[in-house]
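Structure assessment
Here is what each chain is made of, one letter per residue.
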Amino acid sequence: MDFTSQVQVPDGPHARLASESFRILADPTRVRIMWVLLQEECNVKRLAELIEVSPTVVSQHLAKLRAANLVQTRRAGTFVYYSASDAHVHRLLSEALSYAEHQSGTAHGNDPHTYTP
């Protein structure tokens, strides 16, 4: 084994920010909300219908996602529309959901994945 090769280790600030992203996304409802918002812009009512939870629950999760700068808003009259603010999250969630398909036995080997970027 060659012990002289350099191993790249994330620095403290980047490791902390990455772990904070995982922490905020470590909730099934937030994963579902983010996945929808990566596909389309939605208001709270539409999100609640799509993920089958109450608008109150959606609003509470959106507040946390906004505080983490993972979603952005656009106001149109009296409506507020939400969208994902970063394409990196799309790749992250796509990989995590594809991994979940393998863990659950839904996908094997190089099977096509349901959740593609």
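The structure we're discussing is the one just above.
In short, a report on the structure. Keep in mind that what you see is a predicted model, and the values were worked out from it rather than measured. (Residues numbered from 1 in each chain as written. Predicted model: local features only at pLDDT ≥ 70, side-chain atom pairs only at ≥ 80, totals over all residues. Heavy atoms only, no water.)

Some points on the layout of surface pockets
Taken as a whole, the largest pocket encloses approximately 270 Å³ of empty space. As for the largest pocket, its lining consists of 13 residues, of which Leu17, Ser21, Ala68, Leu70 and Val89 are closest to the centre. For the lining of the largest pocket, the secondary structure elements donating two or more residues are helix H1 (12-25) and helix H5 (87-104). It is H1 that contributes the most residues to the lining of the largest pocket, 5 residues altogether. (1 Å grid on protein atoms, 1.4 Å probe; cavity = no way out; pocket = protein on both sides within 12 Å on 5 of 7 lines; lining within 4 Å. Points joined across faces, edges and corners; volume = space filled by probe spheres on them. Helix = DSSP H or I, 4+ residues; strand = E, 2+ residues; numbered from the N terminus.)

Let's talk about the pattern of salt bridges
For the structure on display, the rule yields 4 salt bridges. For glutamate 20, the salt bridge goes to arginine 16, with nearest N and O atoms at 2.8 Å. Taken as a pair, glutamate 20 and arginine 16 lie in helix H1 at a separation of 4 residues, close to a single helical turn. (Salt bridge = Lys/Arg side-chain N within 4 Å of Asp/Glu carboxyl O.)

Function cannot be read off these values alone, since they describe shape.
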